[in-house]
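# Observations on the three-dimensional arrangement
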Amino acid sequence: MSTVQQEESTEVTKTRGDSGGSLGVVRNLGLVIALVILCVVGVMTSGDQFASKDNVITILRLASVVGVVSIGMTFVITGGGIDLSVGAILALSSVWATTTGTQSMADDYGWIVMVLSALLVGTACGLINGIVIAYGKVVPFIATLAMLASARGLAEIIADRKTQIIRNQGFTDFFGAEPLGIPVIVIMFALVVVGGWFLLNRTTFGRRTFAVGGNPEAARLAGIKVQRHTVYLYALAGLTCGIAAVMLMSRTTTGSSTHGTLLELDAIAAVVIGGTLLSGGRGTVVGTLFGVLIFTTLTNVFTLNNLSTSSQNVAKGVIIVVAVLLQQRIANRKT
Amino acid sequence: MSTIHPRRRRAFALVGAFAAATLVLGACTNGSDDGDTSSAIGKSNTDNDKSGKKVVIGFSAPAADHGWMGSITKSAVAQAKKYDDIELKVAEGTNDVNLQISQVETFINDKVDAIVLLPFDGAAMTAVARKAMDAGIVVINVDREFDSPFAARTTVLGDNYGMGVSAGTYVCDQAKGDKNKVVAEIAGIDSLPLTQDRSKGFADALKKCGLKVNNRVAAEFTVESGEKAASNLLQAAPKIDYLWNHDDDQGVGVLAAIKNANRDEFVMIGGAGSANVMRDIKADNTVLKATVIYPSTQAADGIKLARLLVQGKSMSDLAEIEVPREVKLSAPVVTKDNVDTYLPSAFES
């Protein structure tokens with residue numbers, strides 16, 4: 001899978017003078033090695049517990065929420081932007097989808113109403129981000145920072161800073177189910193990864209994303225509607241926040257304005273160690289998947305070994321720096 | 001857990017009945033008399049503390065971002081260390097519900113005997129706690145309540161409403177019937193039911209003597225948020241007579257703001273009962289004249305109860321055979337007169 005993806009990104013990044021070569025393979029290989037090392041450490045320190053199916057499912061469930069958001073973030077960052085508002089959008093979507101109004105509508109028309117409103121709110125927020133950035137010419141950092149503040153504020157107003165409990169049994173039953181032993185939210189995560197990979201590597205949309213992120217001016221001259229495409233990218237990120245909101249709602253059976261606090265940092269970290277360039281133009285969905293899995297496995301190994309979250313955060317920081325340093329070394333050697 | 005043979009139950013009840021002399025409920029181990037919670041184990045006059053079947057307990061609490069919360073984990077760990085039959089697994093603090101849920105899932109995978117859980121958000125942790133109960137694990141819910149009675153075997157709660165009542169009653173006593181006194185309130189995180197309960201208790205108690213909360217702001221239990229909220233409040237209210245601050249950790253910031261604003265016309269009442277606030281009350285040289293206790297040893301009580309439940313013991317000083325479903329701790333007012341009683345059990349912020 002990674003070699004195919006490699007061809008694609010090489011092809012597109014040629015305009016920027018990057019020689020691809022075995023770059024992507026090496027990078028993904030590094031991630032696989034990191035994950036394998038983590039797993040070996042996990043098995044060595046807490047053997048049967050770590051390797052059990054239940055534990056693997058636990059890791060995947062934990063990875064799902066941040067994972068879906070990270071896929072959306074991969075698109076935005078590949079397209080040369082950044083989205084700091086994902087956690088806040090997730091909170092707003094979860095709150096909007098669980099208000100008494102939405103829930104009573106869900107009682108009448110089925111729980112799909114709650115899902116649709118979460119997706120709709122997420123996408124709408126992303127759309128606003130995109131329009132402000134593309135047509136308002138506000139830098140992404142500032143525009144999404146503003147969205148971060150206002151979306152969480154709005155979520156607090158709507159929820160009156162209370163936790164809203166989901167009463168709809170159909171919703172919790174559907175998303176809490178585990179067909180063939182795999183939780184529905186993990187399946188959703190898998191679908192988003194596959195869909196994201198396809199969209200980025202197999203469609204004109206993906207090719208345009210690389211082009212816009214690599215060199216917007218060149219992309220414009222090549223006939224790509226850069227502004228419109230930017231709007232699409234942020235709307236897509238918003239949509240993934242909506243999906244993540246539904247997942248977190250099913251996990252917690254609540255909607256709350258505190259959901260997803262600091263999620264943006266986890267997502268950006270996962271995307272960056274995955275090998276997507278923060279400056280845009282190069283991105284990998286598979287790398288992001290590994291980035292997310294590395295961080296969640298790390299958390300799990302630390303929890304199993306009774307280690308504090310503080311030391312975990314130190315380890316996280318070290319991993320980010322080492323990963324980025326390694327990437328730079330590899331990139332320098334290749335060019 | 002509930003499958004103890006009736007004859008054994010009866011035996012426990014008998015032991016309990018013989019031994020019962022004083023009520024050593026969780027509430028009382030929180031130092032209403034001698035104040036020294038660390039010696040709680042020495043106080044029991046039954047054989048409940050004798051080493052028994054090994055109990056594996058999983059413990060999870062929010063991030064220790066303020067002194068009270070730090071003390072929750074510290075005292076739980078200290079309590080567990082006193083028993084050689086407890087193996088405590090501590091999944092350390094997080095304010096991320098997604099992560100806390102996965103910690104509980106890990107405990108379920110590990111097949112621990114009991115889980116003592118102080119949730120970041122009670123409602124959000126209900127589903128996974130219920131899953132643990134369904135898996136046959138004894139769940140002790142501490143401080144922030146689940147929204148389903150099926151999610152926990154026993155709940156240990158501080159009396160948040162009672163804290164408000166204690167603070168409000170103290171204000172009423174001080175005001176001596178003067179209905180024109182200005183009362184201000186600095187609350188904690190507004191989204192938490194515990195904050196709403198405290199504020200309601202405060203308002204209800206004030207109403208009884210014809211007072212009301214004239215100015216109210218909310219902080220977030222941290223020093224920084226306390227400073228910010230208090231600075232704004234002091235700007236909004238040029239003259240205050242009584243100020244109740246829900247939490248002594250954010251109180252450090254509140255006091256800093258009061259100092260910066262050069263204000264000393266009012267009496268300030270604290271909340272939770274930190275050691276430095278009690279030292280201030282004792283020294284009697286700041287606006288702080290009282291604080292209302294919210295025990296930081298409730299998770300330690302949770303550990304003790306979890307052990308009893310798993311070992312099939314009863315609370316020996318109750319006639320009741322089973323461990324109660326809920327233990328609510330008391331919220332006494334600490335002033336200069338009784339501060340020495342409470343200082344030893346206070347937490348450092």
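Residues numbered from 1 in each chain as written. Chains lettered and ligands numbered in written order. Predicted model: local features only at pLDDT ≥ 70, side-chain atom pairs only at ≥ 80, totals over all residues. Heavy atoms only, no water.

## Focus: helix α13 (residues 263–274) of chain A
All names here are of chain A. This is how the line gets drawn: Comment: elements are numbered from the N terminus, with helices defined as DSSP H or I runs of at least four residues and strands as E runs of at least two. For a helix, the expected span equals 1.5 Å multiplied by the number of residues minus one. Here the term buried applies to any residue with accessible area under 20% of the maximum for its type, exposed to any over 50%, and partly exposed to those in between, with areas from a 1.4 Å probe on protein chains only.
Its twelve residues place the ends of α13 17 Å apart at the C-alpha level, agreeing with the 16 Å of an ideal helix rising 1.5 Å per residue. Across the twelve residues that make up α13, a large majority, ten, are buried. Buried within α13 we find L263, E264, A267, I268, A269, A270, V271, V272, I273 and G274. Directly after α13, the chain includes G275, whose backbone phi takes a positive value near 110°.

## Brief notes about the confidence of the model for chain A
Do not read the predicted coordinates in detail wherever pLDDT is low. Quick note on the threshold: Every residue carries a pLDDT, the predictor's confidence in it, which falls somewhere between 0 and 100. Whether two residues are in contact is decided by their heavy atoms, any of which lying within 4.5 Å being enough.
In this model, chain A carries a mean pLDDT of 86, and residues with pLDDT of at least 70 account for 89%. A low-confidence stretch, residues 1–22 of chain A (pLDDT under 50), is modelled with 37 contacts involving residues beyond four sequence positions or located in other chains.

## Observations regarding the packing of helix α3 (residues 53–78) of chain A against helix α12 (residues 226–252) of chain A
Two numbers describe a pair of packed helices, the interaxial angle and the distance between the axes. Residues and elements named next belong to chain A. Rules: Axis definition: a line fitted to C-alpha atoms, limited for helices to the stretch in contact. Angles are taken between N-to-C directions and run from 0 to 180 degrees. Working definition: roughly parallel below 35 degrees, roughly antiparallel above 145 degrees, roughly perpendicular at 65 to 115 degrees, and oblique for all remaining angles. Residues were grouped as follows: Ala, Val, Leu, Ile, Met, Phe, Trp, Tyr, Cys and Pro as nonpolar; Asp, Glu, Lys and Arg as charged; and all remaining residues, including Gly, as polar.
At a closest axis distance of 7 Å, the pairing of α3 and α12 adopts a crossing angle of 175°. One finds that α3 runs roughly antiparallel with respect to α12. Of the residues in α12, those touching α3 at R61, L62, S64, V65, V68, V69, G72, F75 and V76 are L233, Y234, L236, A237, T240, C241, I243, A244, M247, L248 and R251. Of the residues that constitute the contact of α3 with α12, the class distribution is 15 nonpolar, three polar and two charged.

## What about the packing of aromatic side chains?
Residue and element names in this part refer to chain A. Heads up, the condition is: Between the rings of Phe, Tyr and Trp (Trp by its six-membered ring), a pair exists once the centres lie within 6.5 Å; its type follows the angle of the planes, with under 30 degrees stacked, over 60 edge-to-face, and the other angles tilted.
Throughout the structure, instances matching the rule amount to seven aromatic pairs over all chains. With a centroid separation of 6.4 Å and 45° between ring planes, the pair formed by F75 and F205 is classed as tilted. Placement of F75 in helix α3 and of F205 in helix α10 (residues 204–214) is noted, with a sequence separation of 130 residues between them. Take F75 and F205: they sit in the same class, and that class is buried. Between the aromatic rings of W111 and F175, the centroid separation amounts to 5.5 Å while the plane-to-plane angle is 75°, which identifies the pairing as edge-to-face. Of the two residues, W111 is situated in the loop between α5 (100–109) and α6 (112–134) and F175 in helix α8 (residues 169–176); the sequence distance between them amounts to 64 residues.

## Side note on a nonpolar patch on the surface
Counted only if it meets this: In this analysis, a patch consists of residues with relative accessible area above 30% that form no salt bridge, clustered at 9 Å for like charges and at 5 Å for the nonpolar side chains Val, Leu, Ile, Met, Phe, Trp and Tyr. Residue-level accessible areas treat just the shown protein chains as cover; the underlying method is Shrake-Rupley with a 1.4 Å probe. One side-chain nitrogen of Lys or Arg within 4 Å of one carboxyl oxygen of Asp or Glu is enough to make a salt bridge.
A contiguous nonpolar patch, built from L29, I33, I37 and V41 of chain A and spanning about 350 Å² of accessible area, is present on the exposed surface. Relative to the elements of secondary structure, I37 of chain A occurs in helix α2 (residues 23–51).

## A look at the nonpolar core
What counts is decided by this rule: For this analysis, a nonpolar core means a set of buried residues of the types Ala, Val, Leu, Ile, Met, Phe, Trp, Tyr and Cys, connected via side-chain atoms within 4.5 Å.
By size, the foremost hydrophobic cluster in this structure holds 74 residues, and its most contacted members are L90, F171, M188 and M247 of chain A. If near-sequence neighbours (up to four positions away) are discounted, L90 of chain A is found in contact with V65, V69, C241, A244, A245, L248, H259, G260 and L263 of chain A. In this structure, L88, I269, V323 and L329 of chain B belong to the second largest nonpolar core, which totals 52 residues.

## Description of the environment of A146 of chain A
Position of A146 of chain A among the secondary structure elements: in helix α7 (residues 140–159). Judged by its relative accessible area of 44%, A146 of chain A falls in the partly exposed class.

## Some words on the confidence of the model for chain B
Residue and element names in this part refer to chain B. Per-residue confidence for chain B averages 85 on the pLDDT scale, and 87% of its residues sit at or above 70. Mean pLDDT values over the elements of chain B span from 39, in helix α2 (residues 26–29), up to 97, in strand β3 (residues 114–117). Note that residues 14–42 has pLDDT below 50 and, in this model, 58 contacts with residues that lie over four places away or in other chains. Quick note on the complex model: pTM equals 0.78, ipTM equals 0.74.

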